Structure formats: structure tokens, C-alpha cells
Amino acid sequence: MSETMERPAEVPANAARATAERWLGDFEAALASGNPQAVADLFAPTSFWRDLVAFTWNLKTVENPAGVKDMLESVLSHVAPKGFTLSEEPTEEGGIVTAWFTFETGVARGEGLVRINAEGKAWTLLTAMTELKGFEEPMRDRRPMGAEHGQDPGRKSWAEKRAEEAATLGIETQPQVLIIGGGQGGIALGARLRQLGVPTIIVEKNERPGDSWRKRYKSLCLHDPVWYDHLPYLPFPPNWPVFSPKDKIGDWLEMYTRVMELNYWAKTTAKSARWDDAKGEWEVVVDRDGEEITLRPKELVFATGMSAKPNIPNFPGMDRFKGDQHHSSQHPGPDAYKGKKAVVIGSNNSAHDICAALWEAGADVTMVQRSTTHIVRSDPLMEYGLGALYSEKALANGITTHKADMIFASLPYRILHEFQIPIYDKIREVDAAFYEGLEKAGFQLDWGPDNSGLFMKYLRRGSGYYIDVGASQLVIDGKIKLKAGQVEAITETGVKLADGTELPADLIVYATGYGSMNGWVADLVGQEAADKVGKVWGLGSDTPKDPGPWEGEQRNMWKPTQIEHLWFHGGNLHQSRHYSLYLALQLKARQEGIPTPVYGQQEVHHTGR
């Protein structure tokens, strides 16, 4: 620790800065000494280090001094971390000092956030890669000139160069990365890769970017507020609605795809994919508007979305129903069902949205609730759940979208529920009359297995909740009829429940959710590959629909999988924006031949079938 001892003895401006500078100095000195135990000694007995690519070439959280030591014993010899410098004034609250810092490694630059307890030990540490040295994004003072001054008789304009690239990539030249899925996830990742100079093609079955939103039922809108939903580089304008209607989002994605100059192949369906080991590349056959093309990317990314592989039930008698029936993902909207009887099987977001729209259109609608559902009204969720990080108030307090993302990322999944429980305790208190009304109507409520509410349910299983934007009051008032129970069979004229109740129906909507994203791997690469990758999404929390063991990170998302050169990207708009950076950096490093030794490769415990 000699470097610590040799620092000037001047007293910093405040105690929080002194604590932060002392810890960062000791941390850097211990890293430089090559002694993992010395580094581990700087962490509290219960502590967490979450690394986003910078040290581990992975998304990895290690726990407690023993976890820190194990990780560093594997990575310290080649990471070469240094230059840990405070990037803003540290703060102190409740005995915890919070400090933002920057640093660098042998190949990259990064940023981080540390929380130091009263004993001077790290409680949580976040380290995140921000850029690769020598491959920085062309931004600010590195931005391209655009106009080429002077005279050159043979030169091509920007538009001509762009047109040539679009015409030849995938035909005369091959992409480094192929992204399957052109929704917000594929588009966000495509934008990141574009800025890093990684030749990329996005394939999308729909006719236009944004159609995955446009083609859903007309009442669909984002239930997350605008501050939470920006795309990389190009935030929504300040007059954008708080909750974006689906067609407005669709138009934004189409515009974004164009102005970010993405190589976006619409009307293109991936038919098969196989890894060619001899050539070190994928062989992906696609149908591009009727023409079969074989693409040979080095990296294959499934950005097919959590809500893209419909979980269609197999109830007895579905083949004999004489009315209309479809999964919620195929619901055309309510207009054709005025005066008709509709039964919606399910009680989560889509079920509520569709029930409300059908009621507004004049349908007689019944919701079938098969299991308990967590409900939270949008207004208190924004105020108590998101407002401190994603709101106009947060912006006024200096919490930019990026800073909010980093704060959220710095809370380890292992303890995140502890921060969520008080939020939902407060919401339950202020909305007591609302919940009493739902229970009187017969709605079966839950708050998650540990009362941690909506976001933990989302992270653990991606289902089981509804953000109320009005449908719950229709349930309370009896305008949306409610029936709890299991479906026994579909009859010619409706739905028969296990208790013998028969619900007559002209329309049945199966709002039964979606399957694991590795189902797309099964379709394109094969079931053996899908099983090798395993279940996608979830934390291993050993709660309903999220079986253990504990993973510490989202299964298979944004990081190396058990099939080399095969990746998954997606999540909500916030996750697509934030984690697209780290996936793009991993892909860029592989393009450039930068060594990427992965620490803590995720094991497969569940196939996801």
C-alpha cells in the first residue's frame, strides 16, 4: 500500500471526498500490487461487485470478499486497471458514501459507482466499460465532417456512399453481425454497432420499422414513462407524450432507423441458421421479400423480444370453436366486436388492455383470471417507483437518463428487492381503497412472493402484473366481468371452466403470455442448440416461474452464452438502451481481435422448454 502512504496529507474539502479518495486510492494500489486478497480486504463482509464487461468480458456480479478474490485471481493478470479518479463530488447519506469515478484498463475506458460503509469498506461496486481504446465512437470532437471541402472529380456524395453500402452489404460483402429482429431492441443495438463501425444487418419480417408496434391492438401504449424509454443517441423531444401510443412509437422507430442509417432489411424472414466451424461463421438463410439469400455473419444476435414467441395454450376443443379466437399478439382490435360476447383468458397487461378496449367498443367482455396478478396504478408507480430517477423532477436534480441507468445498474439483483419492498408498501397504503375495491370485485391480487412488487416480477419472470391505466376501475365497477378459475375446455360456443361454468363467447382472446426467447433458437438452429443455450431471462430467484439456482444476472441476456458467437438482446426500452452498449462493445472487440477471456461463464440449469 505504499502508493497510499505517499499521497499528500492535505485535507480534502469534505469527509465524503476524503473517504472516497482513500478507498479508490487503496483499491487502485491493491490492484496494481497484483494481490487479489488485498483487494478483497477492501470489501465489507456482505458486499457486491457488479462488472459490466470491463473486468470480466461478461455481465457478472460477485459477492463478498471471497467472490471478489476469486474473480480477480482469474482476471487481474490481463486487465491492467488503473487511473481511478473521482468524476464528481461524493455524497454521504445514512453513513454510506457514494462516489462516481472513471478508470481505464489495458484496452478500454470505464466508469463506475462505489458505495462505502461507515467502516470504510465497499458495500457495492459497479464497474462498466464505456469505450475501447482506439475504437471510440465518432462523437463530439471526433464527429465526421460530412461535407468534403475542395475538388475531387470522382468523389461520391454522402448519399451515394450510403446507397452503395446498402446495396452491397449482404450481397457482395458480408456483415460482421446479423441481428434477427427489428423491434426496438434490434434497432438500438444496430445504432450502437453503426457508431462503432461494425458492419451489421438487421432482418425484420414486417414491412416497415415500427410495425411490431403498429400492428398490435389500437389501444396499446407504453406503460413506462417517456423519461425511462429514450433510445441511444437520440432522446425523445421534450414535448413527447408521457405514455407513447403504439403508432407514435412505430413512427419514431422508423424515423430513427433512417436517420441512424441502419442496414435494415424489412420483409425478411430468417429460415435457418447453422454455425460453419471450418469457416468460423454462421450460415443464415433468409427470405428477403421472396428472394432467398444466404448471409455469413461472424456473430448472430437474437433480438426477437420477450413478447414475440406467443405462448399459445392447447385447451381441449379449441378446434371446434365456431367464433373468432386468437392469441393477444394477433388481436386486431375491438371494432368488429360491438355487441358481441368476448372472453379474454388471462389477467396481466395485455388482458387488461384488450378487455378495456373491447368494453369501450361496446362488447360484453369477461376476463378469466387463472392465477393471482400484481396490479399497481400508473400514477403512484411513477411517483414512488420511478420518479427519483426517471422524471422531470429527476432531471431538475441533475439525474440524466444515463446517470439514472447507472444508478439502477449499481444495485445488485441480490438485494434489489430490499429497495423495492418499501416502495410497494407505500403504494399499498396510499391506494388502499383501490385494492379493497378490486378484492371486493373478486380479483385475486398478489405483491410478488416477497412483496417486492412489479419490477422484481418483471426481472424474475417477465409476467404476472398489470400497470393500471384504467381497466382496473372497469373491473371494480363490474363493467369488465371477472371469473376466476381454470379452463377445462373450449366448446363450440364458448369457454368451459373447471367448476362447470360455461362462458358463451363470439370471441376468445388468449392473453397467455410468451415463451422463452430460446424458442427462436430451436426454430432456426435446432432444439439441441436451444437446450445448450438454456432458458433466457430470469435471475434464478427460486420464485414462481424463475427457478433456481441463483444466477446473479439476467440469464443469457447481453452476454456470452454457451454457444459461442450467439447472443440475445432485448428487454424493455430502458434495458435495450442501456445494455446495448455493453453488447456492442463485446461484439466490436471480437471483430477487432481483442482478446476477450470471459470470467464466470453462465452455466445452464434449465432448457426453457
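Above this text sits the structure in question.
Cut-off values and rules
Residues numbered from 1 in each chain as written. Predicted model: local features only at pLDDT ≥ 70, side-chain atom pairs only at ≥ 80, totals over all residues. Heavy atoms only, no water. Helix = DSSP H or I, 4+ residues; strand = E, 2+ residues; numbered from the N terminus. Buried < 20%, exposed > 50% of the residue type's maximum accessible area, 1.4 Å probe, protein only. Contact = heavy atoms within 4.5 Å. Polar contact = N/O pair within 3.5 Å; in protein donor to acceptor, adjacent residues only side chain to side chain. Phe/Tyr/Trp six-rings, centres within 6.5 Å; stacked < 30°, edge-to-face > 60°. Lys NZ or Arg CZ within 6 Å of the ring centre and 35° of its normal. Pairing = 2+ DSSP bridges. Axes fitted to C-alpha atoms, helices over the stretch in contact; angles between N-to-C directions. Bend = angle between axes of the 7 residues up to and from the residue. Core = buried A, V, L, I, M, F, W, Y, C linked by side-chain atoms within 4.5 Å. Parallel < 35°, antiparallel > 145°, perpendicular 65-115°, else oblique. Nonpolar A, V, L, I, M, F, W, Y, C, P; charged D, E, K, R; others polar.

Turning to the environment of Ser47, a few remarks are in order. Take Ser47: it is sitting in strand β1 (residues 43–52). Here Ser47 falls in the buried class, since its relative accessible area comes to 0%. Those residues in contact with Ser47 that sit more than four places away from it in its chain are Val62, Glu63, Asn64, Pro65, Ala122 and Trp123. A polar contact of 2.7 Å, which involves the side chain of Ser47, links it to the backbone oxygen of Ala44.

Inspection of the entire model under this criterion finds 27 aromatic pairs. Aromatic side chains Phe101 and Phe103 sit 6.1 Å apart centroid to centroid with 45 degrees between the ring planes, which places their arrangement in the tilted category. Taking relative accessible area as the criterion, Phe103 reaches 4% and is therefore assigned buried. Linked through ring pairs, Trp23, Phe27, Phe43, Trp49, Phe55, Phe84, Phe101 and Phe103 together constitute an aromatic cluster. The ring of Trp240 carries Lys248 above its face, with NZ or CZ at 4.5 Å from the centroid.

Quick look at the sheet that holds strand β13 (residues 291–295) now. Here three strands make up an open sheet; going across it, the order is β11-β12-β13 and the pairing antiparallel. The open sheet has two free edges, formed respectively by β11 (268–276) and β13, since each of these has just one partner strand. Strand-to-strand twist across the sheet, computed as the mean angle between neighbouring axes with direction ignored, equals 15 degrees. Across eight bridges, β11 lies against strand β12 (residues 281–288) in antiparallel orientation. When the sheet's bridge partners are listed, Ser272 is paired in β12 with Val285.

The axis of helix α4 (residues 64–79) is deflected most strongly, by about 45 degrees, at Glu73. Of all the residues in α4, the buried ones are Gly67, Val68, Met71, Leu72, Val75, Leu76 and Val79. Along its buried surface, α4 packs onto α2 (15–32), α3 (36–40), β1 and β2 (59–63). The first or second residue beyond α4 is Ala80, which carries a positive phi of 55 degrees.

Here we have five strands laid out as an open sheet, ordered β10-β9-β8-β14-β25, and parallel in their pairing. Both outer strands of the open sheet, β10 (264–265) and β25 (566–568), are each paired with one neighbouring strand and no more. Where strand β8 (residues 177–180) lies against strand β14 (residues 299–302), four bridges are found, and the strand directions are parallel. From the neighbouring strand, Val177 faces β14, where its bridge partner is Glu299. Helix-sheet contacts for helix α19 (residues 573–591) involve β8, β14 and β25, and the interaxial angle to β25 is about 165 degrees.

What follows deals with the nonpolar core. Ranked by size, the top nonpolar core spans 166 residues in total, and within it Trp23, Phe27, Phe43, Trp49, Phe55 and Leu72 carry the most contacts. Excluding its chain neighbours within four sequence positions, the residues that come into contact with Phe43 are Trp23, Phe27, Trp49, Pro65, Val68, Lys121, Ala122 and Leu125. If you look at the next biggest cluster of nonpolar residues, it comprises 14 residues, including Phe315, Val368, Leu503 and Ile508.

The next thing to look at is the packing of helix α13 (residues 413–430) against helix α15 (residues 454–461). Packing of α13 against α15 leaves a shortest axis separation of 8 Å and a crossing angle of 150 degrees. It follows that α13 is roughly antiparallel to α15 by the angle criterion. For the pair α13 and α15, the contacting residues are Tyr413, Leu416, His417, Gln420 and Tyr424 in the first and Leu454, Phe455, Met456, Leu459 and Arg460 in the second. Split into classes, the residues belonging to the contact of α13 with α15 amount to seven nonpolar, two polar and one charged.

In this fold, Asp276 is placed in strand β11. Side-chain polar atoms of Asp276 contact the backbone nitrogen of Lys279, separated by 3.2 Å.

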